[in-house]
Amino acid sequence: MRTLKFLLQKEFRQIFRNKNMLRMMFMVPIIQLIILPQAANYTIRNINIAVVDLDRSSYSEKFVNKVLSSGYFKLAEFTASYKEAYKLIENDKADIIIEIPHGFESKLNSEQSQTISLSVNAINGVKAAVGSGYLTNIIQDFNNQIRLNWVQPSNMNPMPTIDVVSSNWYNPTLSYYLFMVPGILVLLVTLVGGNMTALNIVQEKEIGTIEQINVTPIKKYQFILGKLIPFWVIGVIIFTIGLLIARVVYGIIPLGSIALLYLFLSVYLIAIVGFGLLISTYSETQQQAQSLTFFFIQIFNLMGGLFTPIDSMPGWAKVITDFIPVSYFIDVMRMIVIKGSHFNDVLMQIIVVLAMGIVLNVWAIINYRKTT
Amino acid sequence: MKQFFSFVTKEFLQVFRDRKTLLMLFGVPIVQIVLFGFALSNEIKDSNIVIVDNAKDLASQQIINKIASTDYFKIKKMLPNSSQIDAAFKSGDIKLAIVFPENFYTDLLHTNKAQIQVIADASDPNTATTLTSYINIIIADYQAQLNKDLNIPPEQINLDVRMLYNPDLKGAPNFVPGVIAMVLLLVCVMMTSISIVREKELGTMEVLLVSPFKPILVIFAKAVPYLVLSLINLTVIIILSVLALNLPIKGSILLLYAVSTLFILCCLSLGLLVSTAADTQQSAMTLSLVGMFLPTLMLSGYIFPIENMPWVLRMLSNIVPAKWFYIIIKSIMLKGLGFSYIWKETLILFGMTVFFLTLSLRNFKTRLE
């Protein structure tokens, strides 16, 4: 116990001595938490449309006005032909072409059915899906309106109409900040926790001070614990700062219990610091440690469910995400912060991450050799 | 010239000696292509939903069957009443709840009006919007069928939707150009700057500078291996995306390589610039990771649409070379456009390259402090 106390004293002193590193450790996450969510805004709005109105009737005009007044779309240009509109797509000036055929209104009256063509730039699949989804809803609405206009007005609906009343729970304004900020905070804690730990031990290897420790009677687990605890503390501090920023800058106040958040964080940090320690036992130089952490952290980033939903991954990829601690924390963070989930809802996740933490740390202790 | 080649050989040997770093150089792009190509997509399918069916009649049953038969939804549970919806959402994997009121079908037939309640878990706003619009389509479809059965004329406007360039709405077409930009940036900026700064740190740079060899050629010799590595990487990515992802290159391959080489040169001069600013490997790494990598990830437009950002970030994105390269690559690979469409972006990249190169050559110190 006394040995551990001295080791901790040494680590904290070393960390606080390096003012540059300390500044980077705290400033980088703070600045990123302020800037990143601004960029990571997936709200799909301002979709540019090019309109090819070959009919120029009151109906086509009404339709175009309805589309533009929905708030999701911006008019790029009215063009005389599809070809001109296609040019706009090629130049990224327009995202969707709406083509209203010649004789739209008159044929709608005589043939009772008409088709409007949409051509969507689908390179960005989400934007294409959401944009054409909006348009589908608008057309459905428009359809109901013209039906009501044609059959003479009465108090009763002239035909069976099913009203879909939709509501958005937990995030009624559909704010993207609420979705992204908790996730980004997880990522930043992971980056600092994992990366700093990995680099720290390797630095001792490079400088040669690790040999001095190796010749002392310090036990392997004591050395690892001595490294684990300081970075665990730093992780908790960064997380706290992040929660404050979320509150002050984005007005996000966790709906669920803060104590539960910290409980999960404590377990999670053990796993992620253990991961950093494990990498450091496998690397000889800082460049190698950096390369290895970069390799894994990019996988964590992409597969953790922050940017694309885990639900839409194929089976084998879902199995991989089961082994990625980040994906559990992002999930739990969102559950507790946005929905106010309870202890029982996240119990499974706590157990899994705790198991990961134990495995990673024991592996690191075993793999750390006191002899070279 | 012979001297120059022996220097280039030395650099190659040094690069290939460090296996772990090499693994990263080639491992990162391959893993990313595989992930982006096969694992990551924004397509929403198999979303778990719960249904509260208070009606239990013909119409509600038909609609439920219709919903269950699509790929978009998986009915996880039927809940007896709506008070349990909140708990279902909180426990995690439910994305949507649908509530049928009592007497749904009778109301629909007698008053011609009935309501369905759709409640989305809007933690993820886009998923919520998309799922709600899918339900809308299914219901509208059902209604059209109902009207047809009741012999009510189907006056209506249909939509004929064509998805250009990417009919299956895959994620890969959007991401592959982004991966190319990011990998080239990573190799050229980070690796080049680290390798130059390492010579400074180890002190071997001084030896090179006092040799009769021109200092400027020392630097160029350092750049050559990374230029070659980047071109190999580019080729690997392109072959992978053509063979494994079935993503054909619509435009000219020659043009693609020419523009990529320009981008690589731009990144190499950036790496050179970083190396003149950094004294230790650690600061070179931090500068290129925090200063180059993150802005590229965020502001080049390949993960997040630039047009949604606040104007400060939109302005900032203009000075990120990868943004322009991303536009060019997308135009050539996916849209099959020729040079006349991308000359503006190419000119900007060229201007940036000249700027970075002049700046770094001016700052490059050939003498000891």
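Treat the numbers as computed from the prediction; the structure is a model and nothing was measured.

What exactly am I supposed to notice about the overall build of chain A here?
When helices and strands are tallied, chain A shows 14 helices and five strands. Its C-alpha atoms give chain A a radius of gyration of 28 Å, more than 25% over the compact-globule value 21 Å for 372 residues. Principal-axis analysis of the C-alpha atoms places the extent of chain A at approximately 95 × 45 × 40 Å. Out of the 372 residues in chain A, the part that is buried amounts to 43%. The contacts of chain A with a sequence gap of at least 6 include a subset with a gap of at least 24, amounting to 79%.

Would you mind going over the nonpolar core with me for this structure?
Note that soluble globular proteins tend to have their nonpolar side chains buried in a common cluster. All names here are of chain B. Grouped together as the largest cluster of nonpolar side chains are 208 residues, with contacts concentrated most on Ala97, Leu184, Leu185, Cys188 and Cys267. Ranked by residues supplied to this core, first place goes to helix H7 (residues 172–202) with 19 residues. Beyond its immediate stretch of four places on either side in the chain, Cys188 contacts Tyr226, Ser230, Ile264, Cys267, Leu268 and Gly271.

Could you clarify how one ought to interpret the sheet that holds strand E5 (residues 161–169) of chain A in this entry?
What holds strands together in a sheet is hydrogen bonding between their backbones, with the strands either parallel or antiparallel. The strand order across the open sheet built from five strands is E5(A)-E4(B)-E3(B)-E1(B)-E2(B), with neighbouring strands paired in mixed fashion. Here the strands that pair on one side only, and so sit at the sheet edges, are E5 of chain A together with strand E2 (73–78) of chain B. For this sheet, the mean angle separating the axes of adjacent strands, direction not counted, is 25°. Here strand E1 (residues 47–53) of chain B runs beside E2 of chain B; their pairing, made up of five bridges, is parallel. Looking at E2 of chain B, one finds that Ile49 of chain B is bridged to Ile75 of chain B.

Even after reading the chapter, I still don't get the packing of helix H7 (residues 176–207) of chain A against helix H11 (residues 286–303) of chain A, so can you show me in this structure?
Two measures define how a pair of helices packs: the angle their axes make with one another and the distance between the axes. All names here are of chain A. Direction vectors running N to C along H7 and H11 enclose 160°, while the axes themselves pass 9 Å from each other. The angle between the axes of H7 and H11 places the two elements in the roughly antiparallel class. The hand of the H7/H11 crossing is right-handed. Along its contact with H7, which presents Leu187, Thr190, Leu191, Gly194, Asn195, Ala198, Leu199, Val202, Gln203 and Glu206, the element H11 presents Gln286, Ala289, Gln290, Thr293, Ile297, Phe300 and Asn301. Looking at the contact of H7 with H11, its residues break down into eight nonpolar, eight polar and one charged.

Explanation requested: the domain arrangement of chain A in the structure shown.
Interfaces are often sized by the amount of accessible area the parts lose when they come together. By domain assignment, chain A separates into domain 1 (2–41 + 182–367) and domain 2 (47–150). Computed over C-alpha atoms only, the centres of domain 1 of chain A and domain 2 of chain A are separated by 49 Å.

Where do I start with the domain arrangement of chain B in this structure?
One can read the domain layout of chain B as domain 1 (11–40 + 170–363) and domain 2 (47–149). Relative to domain 2 of chain B, the C-alpha centre of domain 1 of chain B lies at a distance of 48 Å.

When you look at the environment of Phe73 of chain B in this model, what are you seeing that I'm missing?
Residue and element names in this part refer to chain B. Note that Phe73 resides in strand E2. Residues Phe73 and Ile44 lie 29 residues apart in sequence; the distance between their C-alpha atoms is 9.1 Å. Ignoring any residue separated from it by four or fewer positions in sequence, one finds Phe73 in contact with Ser47, Ile49, Ile67 and Ala68.

Got a minute to help me understand helix H14 (residues 343–367) of chain A in this structure?
For an α-helix the count is 3.6 residues per turn, leaving residues at separations of three or four pointing the same way. Look at H14 of chain A: 35 Å from first C-alpha to last across 25 residues, which is about the 36 Å you get at 1.5 Å a residue. Remark: the principal bend of H14 of chain A, roughly 30°, maps to Gln349 of chain A. Within H14 of chain A, burial applies to Asp345, Val346, Gln349, Val353, Met356, Gly357, Leu360, Asn361 and Ala364 of chain A. If you follow the buried residues of H14 of chain A, they end up packed against helix H9 (220–250), helix H10 (258–282) and helix H13 (325–339) of chain A together with helix H4 (85–90) of chain B.

Help me understand the interface of chain B and chain A in this model?
In this assembly, 94 residues from chain B lie in contact with 92 residues from chain A. For the side of chain B that touches chain A, the element with the highest residue contribution is helix H6 (residues 125–149) of chain B, accounting for 16 residues. Along the lines of polarity and charge, the residues of the side of chain B that touches chain A split into 50 nonpolar, 29 polar and 15 charged. When E5 of chain A meets strand E4 (residues 113–121) of chain B, the two strands line up parallel, connected through nine bridges. Bridge pairing links Trp169 of chain A to Asp121 of chain B in E4 of chain B.

How should I be thinking about the packing of helix H13 (residues 321–335) of chain B against helix H14 (residues 339–363) of chain B in this particular structure?
Residue and element names in this part refer to chain B. Put simply, H13 and H14 touch, their axes get as near as 9 Å, and they point 150° apart. By the angle between their axes, H13 is roughly antiparallel relative to H14. For the pair H13 and H14, the crossing hand works out as left-handed. Every residue of H14 that contacts H13 at Pro321, Trp324, Phe325, Ile327, Ile328 and Ser331 is listed here: Tyr341, Ile342, Glu345, Thr346, Ile348, Leu349 and Met352. Residue composition of the contact of H13 with H14, by class: 10 nonpolar, two polar and one charged.

Just checking my understanding: could you explain the pairing of E1 of chain B for this structure?
Regular strands show a simple pattern: their side chains alternate between the two faces of the sheet. All names here are of chain B. Of all seven residues in E1, five are buried, a share of seventy percent or more. Of the crossover connections in this fold, the one passing from E1 over helix H3 (residues 58–68) to the parallel E2 is right-handed. Pairing analysis gives five bridges linking E1 to strand E3 (residues 96–100), with the strands arranged parallel. Note that in E3 the partner of Asp53 across the bridge is Phe100.

It is not clear to me how unusual backbone geometry should be interpreted in this structure. Could you clarify?
In most cases, non-glycine residues show a negative phi, while peptide bonds are predominantly trans. At Tyr170 of chain A, a position not held by glycine, the phi torsion is positive, near 70°. One non-glycine residue, Lys56 of chain B, adopts positive backbone phi at about 50°. Secondary-structure assignment places Lys56 of chain B in the loop between E1 and H3. According to the C-beta neighbour criterion, Lys56 of chain B is exposed, with 12 such atoms within 10 Å.

Can you help me understand H13 of chain A in this one?
All names here are of chain A. Over its 15 residues, H13 runs 21 Å from end to end, which matches the ideal 21 Å to within 8%, given 1.5 Å per residue. Buried residues dominate H13, accounting for 15 of its 15 residues. Of the residues flanking the end of H13, it is Gly340, one or two places downstream, whose phi is positive at about 70°.

I tried to follow the pairing of E3 of chain B on my own but got confused; where do I start?
All names here are of chain B. Most of E3 is tucked away, with five of its five residues classed as buried. By the bridge criterion, four bridges tie E3 to E4 in an arrangement that is antiparallel. Along E4, the bridge assignment pairs Ile98 with Val118.

Scoring rules and cut-offs
- Residues numbered from 1 in each chain as written.
- Chains lettered and ligands numbered in written order.
- Predicted model: local features only at pLDDT ≥ 70, side-chain atom pairs only at ≥ 80, totals over all residues.
- Helix = DSSP H or I, 4+ residues; strand = E, 2+ residues; numbered from the N terminus.
- Rg over C-alpha atoms; globule rule 2.2 N^0.38 Å.
- Buried ≥ 20, exposed ≤ 12 C-beta atoms within 10 Å, placed from the backbone.
- Contact = placed C-beta atoms within 7 Å.
- Core = buried A, V, L, I, M, F, W, Y, C linked by C-beta atoms within 7 Å.
- Pairing = 2+ DSSP bridges.
- Axes fitted to C-alpha atoms, helices over the stretch in contact; angles between N-to-C directions.
- Parallel < 35°, antiparallel > 145°, perpendicular 65-115°, else oblique.
- Left-handed = near helix turned anticlockwise from the far one by under 90°.
- Nonpolar A, V, L, I, M, F, W, Y, C, P; charged D, E, K, R; others polar.
- Domains from an automatic or database assignment.
- Expected span 1.5 Å × (residues − 1).
- Bend = angle between axes of the 7 residues up to and from the residue.
- Right-handed = clockwise from strand over helix to strand, strands pointing away.

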